Amino acid sequence: PPRSAALITTLVGLVYIADVFFGHSTPLTPDVAIQLAVFVAVAAVTAYVASRVKLMGAEREALAGELRQVRLEAADVLRNIPTGIVTVDPEGRLLYTNPAAEAILGFRERDWRDRPIMPEFARVAPEFWAALTATARRGVRAMRVEAVVRRPDRTFPIGVTTTTLDGAPGEGPRVTAIFSDISDSKRLERLRLRTERLEAVAELSSSLAHEIKNPLASIRSSVEQLARASRANPDEKFLTSLIVRESDRLARLLSEFLDFSRVRVTECRPLDLHQVAGAAIRLVREHPDCPADARIELLGDRTPMEGDEDLLHRVVSNLVLNAVQAAGKEARVTVRTGRPEPHQLPGGAGIDNPVALGVSDNGPGIPESVRARLFEPFVTGRVGGTGLGLAIVQRAVDAHRGLVFVDSTPGQGTTFTVYFPAARRREEAA
Ligand SMILES: Nc1ncnc2c1ncn2[C@@H]1O[C@H](COP(=O)(O)OP(=O)(O)OP(=O)(O)O)[C@@H](O)[C@H]1O
Ligand SMILES: [Mg+2]
């Protein structure tokens, strides 16, 4: 418009000027000159105003575009974050929810929009309901309160924070709850505790074993010398042999303690976990507890990583031997190595570039009696077991900065999954 306005005014001006000069014989009087000047001035101002209007229009359009973009981005963020967001009005009717909230609490927005949803929350997650209710009634905001979600498919913890938004005048406040599934972080927290506890036990057992070992050896040899003396009668000989036997048993126990406490990465080299697993399986096949018809299958392929071959060998052989021992006759054990999909690791596991080792069996599952203390030393559910296998596995995996998970269903089998970082950290490798 400004350009065409300028053009039109220029053309009209030209016609007017031509008319004044050539259409009339009247000379150019000052009146006419002023008229001409005013005409040109009006044309110029019109063109200027038109150009300003256009500029402002363009700016407004740009602003509207930006606003649209910001709104879209906010909506996108809310739609895609893994954190659940729910807003209810003072009557407990559902005003807003994002897809993560539907997925976590297991409801569908279209079934509940503008309807009282609080009874549903009370049924699925009572603590979540309680936090929302406390915020709505008393204005008490919840900060990272833990609640349990009980859905037909699974039960898991969530962390909930609530806040109020002022509603229409005269109405109570709306309440918004922000929450997320914290089962991964709880799981990792439990693993960290397990590692710390085991570390403390290992330290204590190593210093105790050192303290006891030498006095025990002196006791044993002194008693032996006494028994060798010709004066000893049969009763005394029997007692000394008892002391010697029990000392030997204690010494064996001590060396097992030391064995467990000394699990350390001594030599870290690039290796193929798949190959290490193959070698460990061959070793377990020769074990007296391995039935001849046991089927041990190795799946996956080359899995390069840096680690201590000896320790990794112990990890695999302990897990496979446990699986074979638990499954007994017709044992079917599957060992798998490879790179896990990123979603398989719990969030926040902090393992760069992970490799995985899985050992599954068709045994009876971990007995209830040992489940809570499975990885502690000397916890066994097996006749003749020492209960050191899994404690060593845990320590060896910790030494590689890995994680061990166990899934067990009574009557159906057990799967141990171990994740290792493929490469050592630079400061450790140094
Ligand atoms: N795959 C499995 N299936 C069922 N139960 C298992 C499995 N692995 C381990 N367990 C249970 O966990 C217990 C502890 O295992 P762990 O390897 O630590 O000790 P152990 O096998 O009893 O003795 P050790 O390994 O020192 O000879 C076992 O006694 C068994 O009851
Ligand atoms: Mg074992």
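Residues numbered from 1 in each chain as written. Chains lettered and ligands numbered in written order. Predicted model: local features only at pLDDT ≥ 70, side-chain atom pairs only at ≥ 80, totals over all residues. Heavy atoms only, no water.

## Structural notes on the domain arrangement of the chain
Operational definition: Domain start and end points were adopted from an automatic or database domain assignment. Residue contacts follow a heavy-atom distance rule, with two residues in contact if any of their heavy atoms lie within 4.5 Å. Salt bridge, as used here, is a side-chain nitrogen of Lys or Arg placed within 4 Å of a carboxyl oxygen of Asp or Glu. What qualifies as a polar contact is a pair of N or O atoms within 3.5 Å, subject to a donor-acceptor requirement within protein and to the restriction that residues adjacent in sequence count only when both atoms come from side chains. Counting from the N terminus, the helices are DSSP H or I runs at least four residues long and the strands are E runs at least two residues long. Each residue receives one of three labels: charged for Asp, Glu, Lys and Arg, nonpolar for Ala, Val, Leu, Ile, Met, Phe, Trp, Tyr, Cys and Pro, and polar for the others, Gly being one of them.
Under the domain assignment, the chain is made up of domain 1 (2-78), domain 2 (84-181), domain 3 (187-261) and domain 4 (269-429). Centre-to-centre separation of domain 3 and domain 4, based on C-alpha positions: 29 Å. Each partner contributes residues to the interface: domain 3 has 16 residues there, and domain 4 has 20 residues. Remark: the boundary between domain 3 and domain 4 carries three salt bridges. Across the pair R314 and D259 runs a salt bridge, and its minimum N-O distance is 2.9 Å. Where domain 3 meets domain 4, there are seven residue pairs in polar contact (both at pLDDT 80 or more). Looking at the side of domain 3 that touches domain 4, the elements that each hand over two or more residues are α7 (183-228) and α8 (234-261). Per element, the largest residue contribution to the side of domain 3 that touches domain 4 is 10 residues, and it comes from α7. Its residues assigned to classes, the side of domain 3 that touches domain 4 shows eight nonpolar, two polar and six charged.

## Considering the side chain of Q394
Topologically, Q394 is positioned in helix α12 (residues 389-399). Non-local contacts of Q394, meaning those with residues more than four positions away in its chain, are made with R194, T195, L198, F375 and V404.

## Examining the site of ligand 1
Cut-off, in case you're wondering: Throughout, near means a residue has at least one heavy atom within 4 Å of the molecule or strand. Per-residue and other accessible areas follow the Shrake-Rupley method at a 1.4 Å probe size, with only the shown protein chains counted as cover for residues.
With respect to spatial proximity, 20 residues lie near ligand 1, and among them N322, D361, T380, G381 and T386 are the closest. One of the side-chain nitrogen or oxygen atoms of D361 is found 2.8 Å away from a nitrogen atom of ligand 1. In the environment of ligand 1, an oxygen atom lies 2.8 Å from a nitrogen or oxygen atom belonging to the backbone of G381. Isolated, ligand 1 exposes 590 Å² of accessible area, and the fraction of that covered by the protein chains is 92%. When contributions to the shell around ligand 1 are tallied by element, the ones reaching two or more residues are α10 (309-327), α12 and β12 (413-421). When the residues that make up the shell around ligand 1 are grouped by side-chain class, the tally is nine nonpolar, nine polar and two charged.

## Quick word on unusual backbone geometry
Notably, D114 is not glycine yet its phi reads approximately 60 degrees, a positive angle. The backbone phi angle of F378 is positive, close to 65 degrees, even though this residue is not glycine. Structurally, F378 is set in the loop between α11 (368-371) and α12.

## Considerations on the sheet that holds strand β4 (residues 155-165)
Threshold: Paired strands, in this sense, are two strands between which DSSP finds at least two bridges. Inter-axis angles, ranging from 0 to 180 degrees, are taken between N-to-C directions of lines fitted to C-alpha atoms, where helices are fitted over the stretch in contact.
With antiparallel pairing, five strands are arranged side by side in an open sheet as β2-β1-β5-β4-β3. Across the chains shown, the open sheet's two edge strands, defined by having one partner strand only, are β2 (94-97) and β3 (145-150). The sheet shows a mean angle of 30 degrees between the axes of neighbouring strands, taken without regard to direction. Here eight bridges tie β4 to strand β5 (residues 174-181), and the two strands are oriented antiparallel to one another. If you follow G159 over to β5, its bridge partner there is S180. Of the strands in this sheet, β3, β4 and β5 touch helix α6 (residues 126-138), which is tilted by about 10 degrees from β4.

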